[in-house]
Amino acid sequence: ADVFTFDPGFTSTAACESAITYIDGDQGELLHRGYPIEQLAEKSSYLELCFLLLYGELPTAAQLADFKGRVTRHTMVHEQMHYFFRGFRRDSHPMATMVGVVGAMSAFYHDSLDINDPWQREVAAIRMIAKLPTIAAMAYKYSIGQPFVYPKNSLDYAGNFLHMCFSVPAEDYVVDPVLSKAMDRIMMLHADHEQNASTSTVRLAGSSGANPFACIAAGIACLWGPAHGGANQACLEMLREIGTVDRIPEFIARAKDKDDPFRLMGFGHRVYKNFDPRAKVMKESADEVLGLMGIENNPTLQVAKELERIALEDEYFVSKKLYPNVDFYSGIILDAMGFPTSMFTPIFALSRTVGWISQWKEMIGEKNQKIGRPRQLYVGQKKRDYVDLKHR
Ligand code: CMC
């Protein structure tokens, strides 16, 4: 009989080889192609990081200019896709719209569906990096009953996204360079994270030969869950529900109570057992952005900091090695920028698209790439004979 290793949740199974991202969970270390996330977040930019993730090396100035040009050329979506958005209910969650619209890209971009053609794979990658912000902004605009705003290619990647979300035909949103830099950093901090649930979903979907748009749509669907990317929305909603510092102990007690399904959102990680380096950068960024906006006394930020302080001294969280993760502070920045909580996970999705597509390209480029096909431990009925309806 076949013998299998049983590893529910894949806590100790490597499903692939990858040269893109390295995490040392005990040291709280995250490297993209060898470069520490802290250095990238401080010195690099999102599109430069996209290049690094996709091609393995930091670009030269000429390569970066060429890459930016290629991405910028693809920021518009096919005009007919507007009708697709309009088929959704206005009150749809933007993630629901994104799963549908990104999946539908394969119905619009037929010339980048052949996964065996390296040129088509490349075009699909650039298209998705370029169009995901446009699609997320359109999902948002549709949900608030405003007209879609076309991309403005004179702006940089993050600034253009803010423009598409916050401009209206009567008045262009003036993109504040501090906010656009903060947005760019949020995108960098979410760009890739090795074999997390959504990336593994993309790889599994891709292993069957499915087209890249279908694979990324699968990744978006997986990301939406509150244990994964949906945690940023859930976290800010939790911080608001807590409301004031004096209510924190009540919520800490609930998180520790095994009969209560409540968990501290934005806390804990499968791999990081010391700290999440992304959360550190995010916290600094939150301080900087709210400070510059003159709202550092924002009650949500106060609750977050006090909650973190109390949890990090609490035996339960210490013994289980639970620390704030990337989702803990990101929502506070996005909220200050004017985004509703329903847009937090779409922003995670558009930022992670480059990670998904880089991992997908890496897998497709492998020799002897195999379909992902886990086995199981069967615990059902033994073989038995069919019973006619009248005898049941
Ligand atoms: N609050 C309270 N207890 C927790 C929490 C939490 N946030 N996270 C884990 N625990 C407890 C859990 O109850 C379990 O206790 P016990 O050993 O007594 O049964 C122990 O810690 C281990 O938890 P686990 O669920 O077995 O750990 P995991 O590696 O399977 O899950 C996690 C990791 C991130 C899903 C989990 O920590 C969690 O649900 N956190 C809250 C949601 C969240 O913030 N997710 C974002 C993750 S980072 C960004 C991303 O991936 O998108």
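Just so we're clear, the structure is a prediction, and the values are computed from it rather than from any experiment.

Help me get a handle on the site of the ligand, residues and values and all.
Inspection of the region around the ligand gives 22 residues, with K258, R263, L264, R270 and K320 positioned closest. One of the backbone N or O atoms of G266 is found 2.8 Å from an oxygen atom in the ligand. The contact in question runs from an oxygen atom of the ligand to an N or O atom on the side chain of N325, over 2.9 Å. Out of a free accessible area of 930 Å², the ligand has 74% covered by protein chains. Across the shell around the ligand, the residue classes tally to 11 nonpolar, six polar and five charged.

With reference to specific residues and values, describe the nonpolar core.
Nonpolar side chains tend to gather and get buried jointly when the protein is soluble and globular. Counting residues in each nonpolar core, the largest one holds 112 residues, and the members touching the most others are F161, M183, L239, L264 and F339. Considering every element that reaches this core, the biggest residue donor is helix α6 (residues 118-143), with 14 residues. Apart from residues lying up to four places away in sequence, F339 is in contact with F161, L162, C165, F166, M183, L334, F344 and I347.

An account of the packing of aromatic side chains is needed here, citing residue identities and associated values.
Taken as a whole, this structure holds 16 aromatic pairs when the rule is applied. Seen from their ring centres, Y316 and F317 are 5.0 Å apart, and the 75 degrees between their planes marks the pair as edge-to-face. The same class applies to Y316 and to F317, which are both buried. Feature note: the residues Y140, F161, F166, Y173 and F339 constitute an aromatic cluster, connected by ring pairs. The aromatic ring of Y142 is capped on one face by R90, whose charged end is 4.3 Å from the ring centroid. One Lys or Arg, K280, reaches over the ring of F275 and ends 4.3 Å from the middle of that ring.

Describe the packing of helix α14 (residues 299-313) against helix α16 (residues 327-337), listing the residues and the values that go with them.
At a minimum axis distance of 10 Å, the contact between α14 and α16 shows a crossing angle of 170 degrees. Taken together, the axes of α14 and α16 are roughly antiparallel relative to one another. Contacts between α14 and α16 pair T300, L301, A304, K305, L307 and E308 from the former with F328, Y329 and I332 from the latter. Classifying every residue of the contact of α14 with α16 by side-chain character gives six nonpolar, one polar and two charged.

With reference to specific residues and values, describe the side chain of D327.
Assignment of secondary structure puts D327 in helix α16. Comment: no salt bridge for buried D327; closest opposite-charge side chain is R278, at 6.6 Å. Excluding residues within four positions of it along the chain, D327 makes contact with H190, H228, A231, N232, C235, G266 and F348.

Account for the side chain of D7, with residues named and values stated.
Within the secondary structure, D7 is located in the segment before β1 (21-24). Put simply, D7 is tucked away with no salt bridge, and the nearest opposite charge, on R270, sits 6.8 Å away. With near-sequence residues (within four places) excluded, D7 lies in contact with S12 and T13.

Talk me through the pattern of salt bridges; I want residue IDs and the actual numbers.
Using the criterion set out here, one finds 17 salt bridges in the structure. The partner of R70 in a salt bridge is D66, and the shortest N-O contact between them spans 3.3 Å. Taken together, the positions of R70 and D66, both in helix α3 (residues 61-73) and four residues apart, correspond to about one turn of that helix. In this structure, D314 and K256 form a salt bridge, with 2.9 Å as the shortest nitrogen-oxygen distance. Taken together, the positions of D314 in the loop between α14 and α15 (315-319) and K256 in helix α12 (residues 248-256) put the pair 58 residues apart, joining distant regions of the chain. On the basis of relative accessible area, D314 is assigned to the buried category, the value being 13%.

How each quantity is defined
- What you see as residue numbers is a count from 1 along each chain, following the sequence as written.
- Restriction of local features to residues with pLDDT of at least 70 applies here, the model being predicted, together with a cutoff of 80 or more for giving and counting side-chain atom pairs; totals for whole chains, interfaces and linings are based on all residues.
- Heavy atoms throughout the structure, all of them, feed into the side-chain values; hydrogens and water do not.
- The rule for a residue being near a molecule or strand is that one of its heavy atoms must lie within 4 Å of it.
- Definition of a polar contact: a pair of N or O atoms within 3.5 Å, with one able to donate and the other able to accept a hydrogen when the atoms are protein atoms, and with sequence-neighbouring residues admitted only if both atoms are side-chain atoms.
- Per-residue and other accessible areas follow the Shrake-Rupley method at a 1.4 Å probe size, with only the shown protein chains counted as cover for residues.
- Asp, Glu, Lys and Arg are counted as charged, while Ala, Val, Leu, Ile, Met, Phe, Trp, Tyr, Cys and Pro are counted as nonpolar; the rest, among them Gly, fall into the polar class.
- Nine residue types can take part in a nonpolar core, namely buried Ala, Val, Leu, Ile, Met, Phe, Trp, Tyr and Cys, and a core is a set of them joined through side-chain atoms within 4.5 Å.
- The classification of residues rests on relative accessible area computed with a 1.4 Å probe and restricted to protein chains. Under 20% of the type maximum is buried, over 50% is exposed, and intermediate values are partly exposed.
- Starting at the N terminus, helices and strands are each numbered in turn, a helix being any DSSP run of H or I of at least four residues and a strand any DSSP run of E of at least two.
- Whether two residues are in contact is decided by their heavy atoms, any of which lying within 4.5 Å being enough.
- Under the pairing criterion, centres of Phe, Tyr and Trp rings, with the six-membered ring standing for Trp, must be within 6.5 Å; the plane angle then separates stacked pairs below 30 degrees from edge-to-face pairs above 60, leaving the rest tilted.
- A positively charged side chain is recorded as over a ring if its NZ (Lys) or CZ (Arg) lies within 6 Å of the ring centre. The angle to the ring normal must also be within 35 degrees.
- Angles here are taken between N-to-C directions and fall from 0 to 180 degrees, while the axes themselves are lines fitted to C-alpha atoms, restricted in helices to the stretch in contact.
- Convention used here: angles under 35 degrees read as roughly parallel, angles over 145 as roughly antiparallel, angles from 65 to 115 as roughly perpendicular, and any remaining angle as oblique.
- A positive count includes Lys and Arg, and a negative count includes Asp and Glu. His and the chain ends are not counted in either.
- When a carboxyl oxygen of Asp or Glu is within 4 Å of a side-chain nitrogen of Lys or Arg, the pair counts as a salt bridge.

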